[in-house]
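Structure at a glance
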2 protein chains.
Amino acid sequence: MALSEFELIERYFRRCGAPRADVRLGVGDDAALLDCPPGAVLAAAVDTLVEGVHFPRGCRADSIGHRALAVNLSDLAAMGARPAWALLALTLPSAEERWLGEFTAGFAALARTHQVALVGGDTTHGPLTVTVTLLGHVPAGTALRRSGAAAGDALFVSGTPGDAAAGLALEQGRLPAPGKTEYLRERFLFPTPRVTLGERLREYASGCIDVSDGLLADALKLAEASGCGLELSAASLPLSQPLRALGAERALQFALGGGDDYELCFTVPAQRLERLRAALPPGQWGYTRIGTMRAEPGARVMGEEGELSLPAGGYDHFSNP
Amino acid sequence: MALSEFELIERYFRRCGAPRADVRLGVGDDAALLDCPPGAVLAAAVDTLVEGVHFPRGCRADSIGHRALAVNLSDLAAMGARPAWALLALTLPSAEERWLGEFTAGFAALARTHQVALVGGDTTHGPLTVTVTLLGHVPAGTALRRSGAAAGDALFVSGTPGDAAAGLALEQGRLPAPGKTEYLRERFLFPTPRVTLGERLREYASGCIDVSDGLLADALKLAEASGCGLELSAASLPLSQPLRALGAERALQFALGGGDDYELCFTVPAQRLERLRAALPPGQWGYTRIGTMRAEPGARVMGEEGELSLPAGGYDHFSNP
């Protein structure tokens, strides 16, 4: 199975993703050449997935390909940017054709969904690590940021947070699996980046962050960047039925402290709430109000009998061994 | 030494590199926001360095930081593009402050030399791997490509190829070290990407590639992309004095087959040679004519007594175990 780097590129990467007219030169030269639309600002994000850290050893290759792009799509969604071009740096122990076929199928399917072209990359030998750089654009002056929220703004989250973290725990056998858990595993293996929602939110949201390290930790990052705090109502958290089936306390822990959701957490000023609901009906667009930003720093989670005491529960790569 | 990801970013990455007015939003949000100049095409390249593959275990951290950026600067130089913004994905076994300080110092010094801002990144836990994505721009329609050379064009290389590969062999103790070898080691540890030369060559060169896998292999890639071949004169190769000191045959092998030079290999049509020499005097700009492109495919290396038979000597990450 001794594929040269040239063969690897020809067979798996040259036509991976969507064709785009704004790619002047794609995979195969020293750099890609791309047309950024006039009046737009370039948005750029990079994320790495390491085997044994961000996905279990032996994880499905199509899931790894999907997730490597999804985590970056989610970053661009949080800025309200439209994704366009990806670069893929893939470090592999060996060039196994079956693995590569599944990996690129997972990557390409999601890339085509969002009209993303793979325009460059690097394949190297070493421990399995996938780094995707995603480039996109957003009309100048309209990008969403973490720093725009203010006290009084309503706090929202998309989707049903906690599902992916529970799915990972199930994948790893860290959790008893009562009944149907396929849905939760799928939410870990194939998360749905909220690209269209992010773009539409540019008109309404004051602040936005993507939920990758856990809802509470990421909402707190948004609040800190905006110089405020937040109050969140535990009862208002949108918990999926399969997550609830794991038990109320566990479901709450996963929803607040789990990671890998790749949902959007965003804030909307009171005077725009009505327009938001009219333009993007919550039921149709899949987002839920979970709290309110407040002037006092920090995060408060309110239960039925007052404030809950919870660890922030964020996943930090170096502090938590 | 339990640094949080937030502390890591604040301490080492937020002010790493050059400040630039075209960075609307740098390190710290979900994506960077960048102003691409009007009339320019975006150039994007990514390269990964893996410990034990692209640099020896225990290699100086400032060299790793320098090289991770240099290899990408060299890619952009080969397109004639001006570098602007970098994203750094750093996978680390542990967050050692001393190592991080040296690594970012090596990265930042080279970034400032070329006015590159670090605008985003990701730090993850795992085997030491460094992936840099470099973005830059080039006036529309002027980028250099591998595919523009034609039979009859003169073939050039910058610098003195082979030094870096010899330096690596010395670093790894694979080569006896007769006399002074510090120069060769330095060429491996701190290569000089030819950014300004690349930009200036836009006016003269028909084709260009950066020499990373070995001069002969990369010159052949340029020829193949251009649908032609090449003839190279061994006697014309610019060999450094320290490389010659290793012996004539070994010096030739390193110069043709070594890697990690990060020099530019480029072609110039006959009718532009005079203008090239007048505008960019070879002695001052450090480049040398080494051969001529020809219609027949493949590479011929001519010695004093006719054609030499040599392996292409390119470094392929998956075929060569």
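Just above sits the structure.
Looking at the interface of chain B and chain A
Listed by partner, the interface residues are 63 residues for chain B and 63 residues for chain A. Buried area between chain B and chain A, summed over both chains or domains, comes out near 5,000 Å², and the portion from carbon and sulfur atoms is 60%. Seen at the junction of chain B and chain A, the total is four salt bridges. A salt bridge links Arg146 of chain A to Asp29 of chain B; the shortest N-O distance between them is 3.6 Å. For the pair chain B and chain A, the number of links is 15 residue pairs in polar contact (both at pLDDT 80 or more). The dominant element in the side of chain B that touches chain A, judged by the number of residues it contributes, is strand 3 (residues 40-50) of chain B, at nine residues. Broken down by class, the residue content of the side of chain B that touches chain A amounts to 34 nonpolar, 17 polar and twelve charged. Where strand 2 (residues 32-34) of chain A and strand 3 of chain B come together, three bridges link them in antiparallel fashion. Paired with Leu34 of chain A across the two strands is Leu42 of chain B, which belongs to strand 3 of chain B.

A closer look at the sheet that holds strand 12 (residues 298-303) of chain B
All names here are of chain B. The seven strands are arranged 8-10-7-11-9-12-13 in an open sheet whose pairing can be described as mixed. Edge positions in the sheet fall to strand 8 (207-211) and strand 13 (306-308), since each of these pairs with one other strand and no more. The sheet shows a mean angle of 30 degrees between the axes of neighbouring strands, taken without regard to direction. Across five bridges, the pairing between strand 8 and strand 10 (residues 263-268) is antiparallel.

A few points about empty space enclosed by the protein
Residues and elements named next belong to chain A. For the structure on display, the rule yields two cavities of 30 Å³ or more. Classifying every residue of the lining of the largest cavity gives two nonpolar, two polar and four charged. Every residue lining the second largest cavity is listed: Thr160, Asp163, Ala164, Arg187, Asp260, Asp261 and Glu263. Its residues placed into classes, the lining of the second largest cavity shows one nonpolar, one polar and five charged.

So, how was this worked out
Residues numbered from 1 in each chain as written. Chains lettered and ligands numbered in written order. Predicted model: local features only at pLDDT ≥ 70, side-chain atom pairs only at ≥ 80, totals over all residues. Heavy atoms only, no water. Contact = heavy atoms within 4.5 Å. Buried area = accessible area lost by both parts, 1.4 Å probe. Salt bridge = Lys/Arg side-chain N within 4 Å of Asp/Glu carboxyl O. Polar contact = N/O pair within 3.5 Å; in protein donor to acceptor, adjacent residues only side chain to side chain. Helix = DSSP H or I, 4+ residues; strand = E, 2+ residues; numbered from the N terminus. Nonpolar A, V, L, I, M, F, W, Y, C, P; charged D, E, K, R; others polar. Pairing = 2+ DSSP bridges. Axes fitted to C-alpha atoms, helices over the stretch in contact; angles between N-to-C directions. 1 Å grid on protein atoms, 1.4 Å probe; cavity = no way out; pocket = protein on both sides within 12 Å on 5 of 7 lines; lining within 4 Å. Points joined across faces, edges and corners; volume = space filled by probe spheres on them.

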